[in-house]
Amino acid sequence: MEPVILFGTFTVLLLIGTPVAFCLGAASLATVLYMGLPPVVVFQRLNSGVSVFALMAIPFFIFAGELMVRGDIARRLVALAGAVVGHMRGGLGQVNITASVLFGGISGSAAADATAIGGLMIPQMKEKGYSVEYGVNVTVVSSIIALMLPPSHNMIIYSISAGGRLSIADLFTAGILPGLLLAVSLMVTAWFVARRAGYPTERFPGLSALGAMFINAIPGLLLIGIIFGGVRSGVFTASESSCIAAVYALLVTTLAYRTMHWPEFVAATKAAVRTTAMVLLVIGCAASFGWLLAFLRIPAELVAFMKGISENPLIILLMINIVLLFLGTFMDMSPLIVITTPIFLPVATAFGVDPVHFGVILVLNLGIGLCTPPVGTVLFVGCAVGRISVWDAIRTIWPFYGAAIFTLLLVTYIPSLSLWLPSLFH
């Protein structure tokens, strides 16, 4: 009966529009009361869920990303991407995807990527004769590349949800090749869509102009090296890296580019505080929910159930992916990571899947969920920037969904795509 109360309360509250954090907390409290345990247990678990030192990295990475968004870094990265790939078929679509790779390595946030890159690229694409739907589609799906690249705070959330025993440096490294593979898949798709629609190419500006744009973008690009190189080499931890990233982002935007002024700084700080509060409240409430899952032995029961269906790891991974894709259509990414990791990670490891590999699968899968209705956060952001309805976007977004699903299948069934690069550092 306890699992019925836990999941039933959560589902009912979610369906009536209650915020996810309160759904998790209320479901945990209702279950604890039914079990006759002291209600204080829920609050103790909530407190322990957010009292994890590694979580310190999240607010500072979010703050660094907000500073970069408001500090005109995106415009310089878009200019560099335009010089490199703008001459390809569907030039501005290719620029959009390449800029997402560059900016994703700085922000680590899909929503920030869609806001910053979309705000710059979608009006330009519309002016050059591209359909608004095409601009929104490219912006929305390419923004999830940021989730795969350092400093993805979702990788940090996964590490903590997995018990804190996984190396954040390994997770950062494992996401790089899948992230680049996703970018290539989207660029090929954008090329075919642009070719069929007859979209134009951009003029190559010349090597001298390319060099000037690269030099202009170096201060922003160095942040990628500072974050990844420092964490990977062991010079500093992910938490220390996040603090350095925030300070460096502030110095670059105020001293090097001189684009950060007091109103922008206040706006960046408020946005970072708001996002951090939301994320940590969800993590804390999900910690209570996750503790109950373990206490009720739900993961163990799920392992036994799936073994009864099939002993083939390929089938098990396919089933997990389908469930995660379904869940991603109506829940946001951070709470889903915290909820589903304690459930599906034991299942995956029971069938021989490496936890780091599974983390990459999970983040990419739930990232696709950010682009799908009815609760696709990044889809809503892209449509708001492009000023079109969600329905107009999803009517034409299917080729890009297909590219993302194709990449997910490759990452799922070719573990070396995730594990080869981390193995080089051991």
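What this report covers is the structure whose coordinates are included nearby. Here the structure is a predicted model, which means the values were calculated and not measured.

**Some words on the packing of aromatic side chains**
Across all of its chains, the model carries seven aromatic pairs by this definition. Seen from their ring centres, Phe63 and Phe265 are 6.1 Å apart, and the 70° between their planes marks the pair as edge-to-face. Taken together, the positions of Phe63 in helix H4 (residues 57-70) and Phe265 in helix H15 (residues 262-295) put the pair 202 residues apart, joining distant regions of the chain. On the accessibility criterion, Phe265 (24% relative accessible area) is partly exposed.

**What to know about the packing of H4 against helix H10 (residues 153-161)**
In contact at an axis separation of 10 Å, H4 and H10 are set at 170° when each is read in the N-to-C sense. Accordingly, the angle class assigned to the pair H4 and H10 is roughly antiparallel. For the pair formed by H4 and H10, the contact residues are Ala57, Ile58, Phe61 and Ile62 on the first element and His153, Ile156 and Ile157 on the second.

**Structural notes on the side chain of Thr98**
The topology assignment puts Thr98 in helix H6 (residues 91-107). Taking the relative accessible area as the measure of exposure, Thr98 reaches 16% and is therefore buried. Within the structure, the side chain of Thr98 is placed 2.9 Å from the backbone oxygen of Gln94, a separation counted as a polar contact.

**Quick look at unusual backbone geometry**
Here the residue pair Pro150 and Pro151 is connected by a cis peptide bond, since its omega of 10° sits within 30 degrees of zero. You can see Pro151 is positioned in the loop between helix H9 (145-148) and H10. Residue Arg258 is not a glycine yet carries a positive backbone phi of 55°. Looking at the secondary structure, you find Arg258 in the loop between helix H14 (238-256) and H15. You will see that Arg387, though not glycine, has its phi angle at about 60°, which is positive. On the secondary structure map, Arg387 appears in the loop between helix H20 (377-386) and helix H21 (390-394). Arg387 gets classed as exposed once you look at its relative accessible area, which sits at 78%.

**A short note on helix H23 (residues 416-423)**
Within H23, the full set of buried residues consists of Ser418, Leu421 and Pro422. Burial along H23 is one-sided: seen end-on, the buried residues are contained in an arc of 100°. Elements in contact with the buried residues of H23: helix H11 (168-174), helix H12 (176-197), helix H13 (207-233), helix H19 (355-369) and helix H22 (398-413).

The rules we used
Residues numbered from 1 in each chain as written. Predicted model: local features only at pLDDT ≥ 70, side-chain atom pairs only at ≥ 80, totals over all residues. Heavy atoms only, no water. Phe/Tyr/Trp six-rings, centres within 6.5 Å; stacked < 30°, edge-to-face > 60°. Helix = DSSP H or I, 4+ residues; strand = E, 2+ residues; numbered from the N terminus. Buried < 20%, exposed > 50% of the residue type's maximum accessible area, 1.4 Å probe, protein only. Axes fitted to C-alpha atoms, helices over the stretch in contact; angles between N-to-C directions. Parallel < 35°, antiparallel > 145°, perpendicular 65-115°, else oblique. Contact = heavy atoms within 4.5 Å. Polar contact = N/O pair within 3.5 Å; in protein donor to acceptor, adjacent residues only side chain to side chain. Arc of directions from axis to C-beta.

Function cannot be read off these values alone, since they describe shape.
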